[in-house]
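Reading the structure
In case you want the letters, here they are:
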Amino acid sequence: MTTDLPPLPERVAAPAVAPVPDPSTGLTWRPLAADDVEGLTVLVQAIETADRAPLRTSKEELQERLAEDGIDVRLDTLAGVDGQGVLRAWALVDQPAGDTRVVRAFLSGGVDPAWRRRGIGRQVLEWSVARGRQRIVATGKQVPARIGVFVDDNATATVALLDAAGLTPIRYYAEMRRPLDGELPVPRGAAGIRVVPWSTELDEQMRLAHNEAFADHWGSEPRTATQWAEGRAMFAPTWSFAAVDEASGEVAGYLLSGRYEQDWPVNGYRSGYTELLGVRPAWRGRGVAVDLLVAAMLAYRADGMEYAELGVDTENESGAHGLYARLGYVVYHQATLRTIEL
């Protein structure tokens, strides 16, 4: 518990009511609902297309997002609907339950490209920041706090909006890829370590390994069992692996992959995506990460994938960015975390 900070309510200054956008927007405002998923998918993909994002969010991902344990759709979401009932703007505020060192509120949302330049985005962001403040105060955690938005560097209109609202860059991320049609890296063959396929029996050990592996990483917070199980709409179990210590049976490292088929036409190739990769401190420096990455590359290629992809914090304390570069990954897209530090 941090005691040298001002009290959480004083520091965060959450309003009693988050300001819903006004009628001048030409839209009717309400929370999102489960039956909005089809329309929300169309809206989100239109925004991604306009912003030249190298991905397309699927209906399954959005459906899962709205059903997450930490989201109260009545309070944490916003939908702007036109006179024909078509979704034209949306927002969602999430506050991860496992946060202990820094309590965070992450904002998502956007405006239909055809409805931009009307001040709608500014009002949606004002609601989102206000709701983020409310969610942070509701945790009662007397620790540093952060309101954050991940934004693609391509999304120049959104970048300008966030900048005007006082969300400033704090961390930079790169999407990297490497082809799978040529010679792959040679596994290090870490002594006493066996790379095995992901299984439900190992999954909880992998969660605990993740929390330990990322305890010293900037911006990382422990994941509860519920958080660990969420966000798996695109999970690819046959492309996921654990590195197990043969002597103790402990999980020393792990790699989880996703299969994002909806992105393949956008990028012009088939790919496997490494979602999470980590090695516990006691097993670092032995090539475990390389062995896990090579196992994933081989699995991707065996299923006809042309590229292996992953994302990385460019200032990752473990030197992951350099490791990936040495294994042949190159940057093809960049994003930034913009925040209000509280």
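Residues numbered from 1 in each chain as written. Predicted model: local features only at pLDDT ≥ 70, side-chain atom pairs only at ≥ 80, totals over all residues. Heavy atoms only, no water.

Overview of the sheet that holds strand β2 (residues 77–81)
Strand order in the open sheet formed by 12 strands is β1-β2-β3-β4-β5-β12-β6-β11-β10-β9-β8-β7, with mixed pairing between adjacent strands. Single-partner strands in this sheet number two, and they are β1 (28–30) and β7 (193–197). Taken over all neighbouring pairs, the strand axes of this sheet differ in orientation by 20 degrees on average, direction set aside. Where strand β6 (residues 168–179) meets strand β12 (residues 330–341), 9 bridges bridge the pair, whose relative direction is antiparallel. The residue bridging P169 from the neighbouring strand is R338, located in β12. Strand contacts of helix α6 (residues 156–164): β5 (145–152) and β12, with the helix running at about 160 degrees to β5, the strand carrying the most contacts. (Pairing = 2+ DSSP bridges. Helix = DSSP H or I, 4+ residues; strand = E, 2+ residues; numbered from the N terminus. Axes fitted to C-alpha atoms, helices over the stretch in contact; angles between N-to-C directions. Contact = heavy atoms within 4.5 Å.)

What about the nonpolar core?
A general tendency of soluble globular proteins is for nonpolar side chains to be buried together. Judged by nonpolar contacts, the single largest core of 36 residues is most densely connected at L293, Y300, Y324 and Y329. Breaking this core down by element, the ones donating at least two residues are β6, β8 (241–245), β9 (251–258), β10 (271–279), α10 (288–302), β11 (307–313) and α11 (320–326). The greatest single-element share of this core, amounting to 11 residues, is contributed by α10. Core analysis: the next-biggest nonpolar cluster, separate from the first, contains 31 residues, W29, V103, V143 and L167 among them. (Core = buried A, V, L, I, M, F, W, Y, C linked by side-chain atoms within 4.5 Å. Buried < 20%, exposed > 50% of the residue type's maximum accessible area, 1.4 Å probe, protein only.)

Details of the pairing of β8
Across the 5 residues that make up β8, a large majority, 5, are buried. The alternating pattern of β8 places F241, A243 and D245 and A242 and V244 on opposite faces, both of which are buried. In this structure, β7 lies alongside β8, joined through 5 bridges in antiparallel fashion. Bridging across to β8, V196 finds its partner in A242. For β8 and β9, the ladder comprises 4 bridges, and the chain directions are antiparallel. Bridge assignment links A243 to a residue of β9, and that residue is G253.

Remarks on the packing of helix α2 (residues 37–50) against helix α3 (residues 59–66)
Look at α2 against α3: their axes get within 9 Å of each other, and the N-to-C directions meet at 120 degrees. Here α3 runs oblique to α2, going by the angle between their axes. Crossing handedness for the pair α2 and α3: right-handed. Between α2, through V37, E38, L40, T41 and V44, and α3, the contact on the second element is made entirely by K59, L62, Q63 and L66. Along the lines of polarity and charge, the residues of the contact of α2 with α3 split into 5 nonpolar, 2 polar and 2 charged. (Parallel < 35°, antiparallel > 145°, perpendicular 65-115°, else oblique. Left-handed = near helix turned anticlockwise from the far one by under 90°. Nonpolar A, V, L, I, M, F, W, Y, C, P; charged D, E, K, R; others polar.)

So, the UniProt feature "domain: N-acetyltransferase" (unreviewed entry) in the protein chain
UniProt records the feature "domain: N-acetyltransferase" (unreviewed entry) at residues 27–181 and 193–342, using the numbering of this structure. A helix fraction of 35% and a strand fraction of 29% characterise residues 27–181, whose end C-alpha atoms lie 50 Å from each other. (UniProt positions renumbered as here; feature names shortened; annotations may be inferred.)

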